[in-house]
Amino acid sequence: MLERIMPNNVAASLVFRILAFVSLTFVSTERAAADKSVPNVLLITSEDNGPELGCYGDPFVRTPHLDRLATQGVRFERAFVATASCSESRAALLTGLYPHQNGQIGLASHHYRMFGKLPNIASRLKKRGYRTGIIGKLHVNPESAFPFDYRPSVSRSNTFSHRDVKRVAELASEFFTAADAPFFLMVNYADAHLPFLRQQQGLPQSPLSADDVRPLPWIGIDNPRVRESQANYYNCIMRMDEGVGRLLAALDKADRTKDTLVIYLGDHGAQFPRGKLASYESSLQVPLIVRFPGRIPTGKVRKELVSSLDLLPTILESVGSQSAPELPGRSLLPLMNQREGDWRDFLFTEYHGHYPPLYFPQRTVSDGRYKLIVNLLQDRVNPVAMTCSQMDRPPHPPYVTASDVSAAQEDVQQAYTTWRDAPPVELYDLQTDPHEWRNLADAPSLANVRTRLLAELRRWQKQTNDPLSDRAKLARLTSEHDALAKPYRRPKVSPWKYTDYLTTAIQQSVAQTSKPKTLTKGGVVMTFDDRNFGDWVKAIPLFDEFGVKATFFINGDIDAAALGAIQILQSHGHVIGSHSVNHLKAVEYCEEKSTDEFLRHEIQPQLRQLNSGGVSPSSFAYPMSRNNEITDKALLTLFRHVRTGRNIREGERISEDEMFFVHANEIQIHGCLYAKNIDRAPERADCTFEQIDAALTRAASRKEVIVLYAHRISESGKGNFVTPTALARVFGKAKALGLEFYTFDQLP
């Protein structure tokens, strides 16, 4: 027995075995796959539009479908994206990380890219057994980080030149009805990106003209050219609204409305001067509407500061997934359900450069009333402002000229000058000046406000490990952009080196924030191994009844049946681990060959099988050896629990940095409890309920975490199978003692 040869605090990280099961009414695999309690997710984004919708009070546009969606859910008055640029905003939305954390600091089409295959909405839900799809552009590198099962061609229906919203709804309908398994679908409408198309496919049926509208108030300039662009921008919004109506009708026709979380938002502000690519409210504020039938109120409006980074945590909580402590955002479910509790006091955004000639990094912080912008290259003219407001022949119709600016009111002229000749700091009172015309950074009466916001910004930069808070890294990134040929032409291959010298800061940030907090409540980690798939799936109602999320360690080949069962388990919030060989083979390799050979021949083949099926195992398990301390230590070194989301690929070695193991000193701090094997409970003399109860009671009284290890599930209870009643009793006892149920990847 292991506890005879290892000290208590080392053996504490090992599992102790308990076999148990519960009598229940079994359900079929097909029924579990179609379980309506597991919500679908429909994420809708539209290009380049702020809150210019009827439900947000715009007096000119007509958006009946989005207005109706707002009455069916919750509308957020003050929602903001992390940055006002296309690829960067979408990468932030999908990963839940700021651009400086994920690495997508410019357009994917200009070779900017994330720091690697970071976890994202698609990959996280894929691990839970979701079907994943996207209709429209992704625009984030590397695309291989996003495991979409369904990605139809939209070259003739959803591009900047071709906008057929009817066809988009048809493609979505195909996905909605393809299978019963829960789904995640992201639909990205090309409207209202440039060019502003007046009408396509007969939509909108009654387009607006220049005489019907007035320019958006934050532009500050009114002339026929701007009005014409404004009218066609509204026409794009109205066409998109019709598309959303058709999309939701397809969802309803597929009978998936009641079990689908629907989220709609714009990816950033409209492409007018002081809009897209800037750091003003008009750049960053977007519409955000959430509908979740039976789970959130209807017709409500929230006015808290919320971020697009909050959507991934919201989705994870909505589908019953584990929290992701490394993410800076917060779930919106408590807000939508009006639960008491603190919300954020400050909201942060950033900008880097869109494409290389428009490189001009900025950082912002807002407390809801006051907004502060820090221009990191204040010794330079802002190239975005020059392009959008100072050229005699603007590259796009919505832009204005220097003559247009000089003919505007004095405060508007001054605002455009501030935008162009950016000072180190800008400060605005959003209550008295919502369109940010007057920079108050030097106002003596607001000196304390400036100091307070700057301090909060610096705190945030440190907390999120912002690499550009390091002047040397800012200078190096700037030099990379300056070194590109002039005039700029998009290179055929990536010129960027920033992923090398900025990555370290990002990895440190994620590593620091990904560690769970110290557990303050005792708990149980329930684990199973082998490949008892049918009985595992049948037992799902039992786990759901007691609120148990278990870790299932998979042994053997991953065939189609196994993969289907794994996906069902994941869809119910359970975690998958790898348990590829028996202990005798492990001993053979570790004693007679090497751990490298063991990894290459026994572990990597199964990991490749899991990966090819869209499953990323979160941890490893293995039976301990035959009273051999040397082998035990080798196995403890080899089989650590994977914490970073990275899979071990062929030819890779397991490194200390990529693994997690509860060391002896951490066991003493966090209170992990070990015990002897108690197979076939409660039949054997050393597997009595009294012993199990005593272990659970100790875990509760000392706030320890106890790991329960079960082999296989069967109603017979013979061999190393157990009866249903035993597990029900254990679960009930743990609940009565107030113990939490954790999975392995939730441990400290």
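Here we summarise the structure given alongside this text. Remember, predicted model here, so these are calculated numbers, not experimental data.

## A word on the environment of Leu107
Then comes step 1: With respect to the secondary-structure elements, Leu107 resides in the loop between helix H5 (99–102) and helix H6 (121–127).
Then comes step 2: Here Leu107 falls in the buried class, since its relative accessible area comes to 9%.
Then comes step 3: Taking C-alpha positions, Leu107 is 5.5 Å from His354, a pair spaced 247 residues apart along the chain.
Then comes step 4: Setting aside chain neighbours within four positions, we find Leu107 in contact with Ser85, Cys86, Ser87, Glu88, Tyr112, His139, His354 and Tyr355.

## Structural notes on unusual backbone geometry
Then comes step 1: Looking along the chain, the bond that leaves Asn141 and enters Pro142 is cis, with omega of -5°.
Then comes step 2: Within the element layout of this structure, Pro142 appears in the loop between strand S4 (131–135) and helix H7 (165–176).
Then comes step 3: Residue Asp255 is not a glycine yet carries a positive backbone phi of 60°.
Then comes step 4: With respect to the helices and strands, Asp255 occurs in the loop between helix H8 (224–253) and strand S6 (260–266).
Then comes step 5: Asp255 sits in the exposed class, given a relative accessible area of 58%.

## Description of the packing of helix H3 (residues 64–71) against H8
Then comes step 1: For the pair H3 and H8, the least separation of the axes is 7 Å and the interaxial angle reads 55°. With respect to each other, H3 and H8 are oriented oblique. Across the interface between the two elements, Pro64, His65, Leu66 and Leu69 of H3 pack against Met240, Asp241, Glu242, Val244, Gly245 and Leu248 of H8.
Then comes step 2: Residues of the contact of H3 with H8, tallied by class, amount to 6 nonpolar, 2 polar and 2 charged.

## Here's the deal with the packing of aromatic side chains
Then comes step 1: Enumeration according to the criterion identifies 23 aromatic pairs in this entry.
Then comes step 2: With centroids separated by 6.0 Å and ring planes inclined at 80°, the aromatic side chains of Tyr280 and Tyr428 adopt a geometry described as edge-to-face. Residue Tyr280 is found in the loop between S6 and helix H9 (281–284), and its partner Tyr428 is found in strand S13 (residues 425–429); the two are separated by 148 residues along the sequence. Across the pair, Tyr428 and Tyr280 agree in class, each one buried.
Then comes step 3: An angle of 55° between the planes, with centres 4.8 Å apart, marks the rings of Trp536 and Phe552 as tilted. Taken as a pair, Trp536 in helix H19 (residues 533–538) and Phe552 in strand S15 (residues 551–554) lie far apart in primary sequence, 16 residues in all. Of the two residues examined, Trp536 and Phe552, each falls in the buried class.
Then comes step 4: Within the aromatic cluster, the residues linked to one another by ring pairs are Trp536, Phe543, Phe546, Phe552, Phe731 and Phe741.
Then comes step 5: We note Arg75 situated over the ring of Tyr56; from NZ or CZ to the ring centre the distance is 4.7 Å.

## Re the pattern of salt bridges
Then comes step 1: Inspection of every chain in the model, using the stated rule, returns 27 salt bridges.
Then comes step 2: For the salt bridge of Arg438 with Asp433, the shortest nitrogen-to-oxygen distance reads 4.0 Å.
Then comes step 3: Take Arg438: its relative accessible area is 38%, and that puts it in the partly exposed class.
Then comes step 4: The buried category is assigned to Asp433, whose relative accessible area is 4%.
Then comes step 5: Taking the shortest distance from any N to any O, the salt bridge between Arg450 and Asp442 comes out at 3.7 Å.
Then comes step 6: Classification of Arg450 by relative accessible area gives partly exposed; the value is 26%.
Then comes step 7: What makes Asp442 exposed here is its relative accessible area of 71%.
Then comes step 8: One network of salt bridges, with partners in common, ties together Glu47, Arg90, Lys137 and Asp267.

Criteria and cut-off values
- Residues numbered from 1 in each chain as written.
- Predicted model: local features only at pLDDT ≥ 70, side-chain atom pairs only at ≥ 80, totals over all residues.
- Heavy atoms only, no water.
- Helix = DSSP H or I, 4+ residues; strand = E, 2+ residues; numbered from the N terminus.
- Buried < 20%, exposed > 50% of the residue type's maximum accessible area, 1.4 Å probe, protein only.
- Contact = heavy atoms within 4.5 Å.
- Axes fitted to C-alpha atoms, helices over the stretch in contact; angles between N-to-C directions.
- Parallel < 35°, antiparallel > 145°, perpendicular 65-115°, else oblique.
- Nonpolar A, V, L, I, M, F, W, Y, C, P; charged D, E, K, R; others polar.
- Phe/Tyr/Trp six-rings, centres within 6.5 Å; stacked < 30°, edge-to-face > 60°.
- Lys NZ or Arg CZ within 6 Å of the ring centre and 35° of its normal.
- Salt bridge = Lys/Arg side-chain N within 4 Å of Asp/Glu carboxyl O.

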